[in-house]
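# An overview of the molecular structure
The residues making up each chain are set out below.
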Amino acid sequence: MILKMKHFVIFITIICLSSCKEEKSMLSRVKSSQLQISDSITPVDSLMAFIKPYRNRIDEVLDSTLAYAPKTITKEDGKYNTSAGNLMADIVLDMANPIFRSRTKKNIDFVVLNHGGIRSVISKGNVTARTAYEVMPFENNIVVVGLNGKSVRELVSFLVKSDRPHPIAGMQILVDEDQGLQSVNIKGMPFDENRTYYVATSDYLLSGGDDMGFFKTAMDTVGTDYLIRNAIIDYFKKMDTIAPVVDNRFKQLNRP
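In this section: the overall build of the protein. Scanning the protein for helices and strands turns up 7 helices and 11 strands. Across the 256 residues of the protein, 38% fall into the buried class. Counting only contacts in the protein whose residues sit at least 6 apart along the sequence, the fraction spanning at least 24 positions is 78%. Roughly 16000 Å² of accessible area belongs to the protein as shown, and the carbon and sulfur atoms make up 55% of that amount.

On to the sheet that holds strand β7 (residues 181-186), then. Reading across the sheet, the 4 strands line up as β8-β7-β6-β11 and stay open at both edges, with mixed pairing between neighbours. Of all the strands in the sheet, the pair left with one neighbour each is β8 (189-190) and β11 (250-252). The pairing of strand β6 (residues 171-175) with β7 spans 5 bridges and is antiparallel. Residue pairing across strands places Leu174 opposite Ser183, the latter belonging to β7. With respect to the sheet, helix α5 (residues 149-161) is in contact with β6, β7 and β11, its orientation differing from that of β6 by roughly 55 degrees.

Here we have 5 strands laid out as an open sheet, ordered β5-β2-β9-β4-β10, and mixed in their pairing. Strands at the two margins of the open sheet, each flanked by one partner only, are β5 (168-169) and β10 (220-227). With 6 bridges connecting them, strand β4 (residues 141-147) and strand β9 (residues 197-202) associate as antiparallel partners. In the sheet register, Ile142 faces β9, and the bridge partner there is Ser202.

Turning our attention to the nonpolar core. Counting 38 residues, the largest nonpolar core has Met88, Val111, Ile122, Ile142, Ile232 and Phe236 as the members making the most contacts within it. Contributing elements (two or more residues each) for this core: β1 (65-69), α3 (83-104), α4 (129-135), β4, β9, β10 and α7 (228-238). With 10 residues, α3 is the single largest residue contributor to this core. Those residues in contact with Ile122, other than ones at most four positions away along the chain, are Ala69, Lys71, Thr72, Ile73, Leu87, Val127, Thr131, Val135 and Phe236.

Summed over the entire model, instances satisfying the criterion amount to 6 aromatic pairs. An angle of 55 degrees between the planes, with centres 4.8 Å apart, marks the rings of Phe214 and Phe215 as tilted. Comparing Phe214 with Phe215, the two get one shared label, buried. The lysine or arginine in question, Arg195, covers the ring of Tyr197, its NZ or CZ lying 4.1 Å from the ring centre.

What follows concerns α5. With 13 residues, α5 should cover 18 Å at 1.5 Å per step; its first-to-last C-alpha distance of 18 Å lies within 8% of that length. Taken residue by residue, α5 has Gly149, Ser151, Val152, Leu155, Val156, Phe158, Leu159 and Val160 as its buried positions.

A word on the confidence of the model for the protein. Per-residue confidence for the protein gives a mean pLDDT of 87, with 82% of residues at or over 70. With pLDDT under 50 throughout, residues 1-11 is counted as low confidence; its partners more than four residues away or in other chains account for 0 contacts.

With that settled, consider the side chain of Thr224. Looking at the secondary structure, you find Thr224 in strand β10. Excluding residues that lie within four positions of it along the chain, Thr224 makes contacts with Ile99, Arg103, Ile142 and Val144.

When you tally the buried positions in β6, you get 4 out of 5 residues, the bulk of the element. Linkage of β6 to β7, two consecutive antiparallel strands, is achieved through a turn of 5 residues, within which Gln179 is found at a positive phi near 65 degrees.

The next thing to look at is the pattern of salt bridges. In total, this model carries 10 salt bridges according to the counting rule given. The shortest N-O distance in the salt bridge between Arg229 and Glu139 comes to 2.5 Å. Linking Arg229 in helix α7 with Glu139 in the loop between α4 and β4, this pair joins segments that are 90 residues apart in sequence. A salt bridge links Glu193 to Arg153; its shortest N-O distance comes to 3.1 Å. Separated by 40 residues along the polypeptide, Glu193 in the loop between β8 and β9 and Arg153 in helix α5 bring together distant segments of the chain. For Glu193, a relative accessible area of 36% corresponds to the partly exposed category. Taken together, the shared-partner salt bridges in this structure form one network comprising Asp90, Asp247 and Arg249.

Below, the discussion takes up unusual backbone geometry. We note that Gln179 has phi near 65 degrees; this positive angle belongs to a residue other than glycine. Residue position: Gln179 is located in the loop between β6 and β7. Assessed through its relative accessible area of 36%, Gln179 is described here as partly exposed. For Asp210, which is not glycine, the phi torsion reads 60 degrees and is therefore positive. Its place among the elements puts Asp210 in the loop between α6 (203-206) and β10.

About the cut-offs
- Residues numbered from 1 in each chain as written.
- Predicted model: local features only at pLDDT ≥ 70, side-chain atom pairs only at ≥ 80, totals over all residues.
- Heavy atoms only, no water.
- Helix = DSSP H or I, 4+ residues; strand = E, 2+ residues; numbered from the N terminus.
- Buried < 20%, exposed > 50% of the residue type's maximum accessible area, 1.4 Å probe, protein only.
- Contact = heavy atoms within 4.5 Å.
- Areas by Shrake-Rupley, 256 points an atom, 1.4 Å probe, with all protein chains shown as cover.
- Pairing = 2+ DSSP bridges.
- Axes fitted to C-alpha atoms, helices over the stretch in contact; angles between N-to-C directions.
- Core = buried A, V, L, I, M, F, W, Y, C linked by side-chain atoms within 4.5 Å.
- Phe/Tyr/Trp six-rings, centres within 6.5 Å; stacked < 30°, edge-to-face > 60°.
- Lys NZ or Arg CZ within 6 Å of the ring centre and 35° of its normal.
- Expected span 1.5 Å × (residues − 1).
- pLDDT = per-residue confidence, 0-100.
- Salt bridge = Lys/Arg side-chain N within 4 Å of Asp/Glu carboxyl O.

Here it is, written out as structure tokens:
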């Protein structure tokens, strides 16, 4: 009798375990639909009311006047350098150098950015944080790379052959009427192919963006943890008037 009872208990246990076994679910069909986002979608009043104070505060911060531009600043007002490009490159040199110096005890020699990275003009009038977001909508960080003389020569050759005025600062390039390279000065001194130069640029260009492959030969790289856009905003905050000009940092010489 006891033996039969044991068999019965074992039988019941097996059945219970089998019934409790979790069956695997299988995906049999995926159904999708496209929701067109447009003005026809009715806003939810409660949600809009919740968002409104935050949106108003953001608009207040973005639209607060930081500086003044006496004339429109654009990347289209020069063949070899432009007012917008010069402003951007000068800002990176001015704002990033203290960070680089504090981390390495060295100074940035020059700056190279890309013409396409400037996405808007700075209109005449009040300059705000929103202006900086319009000019630089990307999350690009400033990085400083060490380039040897050979790589710097490739960089200069790229700039001379380019059909766009890429922003530079701390460097002067002179070409003749046939666009042949005449001279390169860095921080007021003739280019020395035997030394290492520290070049500030964006992390986008460091990865070879805009065909600037020479940055991939960097001997070392130092991050600044500083967005270009934030550098622009900080520069605006410390300046009363923003008035860059087209100058002789990249110039074509007239035939004698």
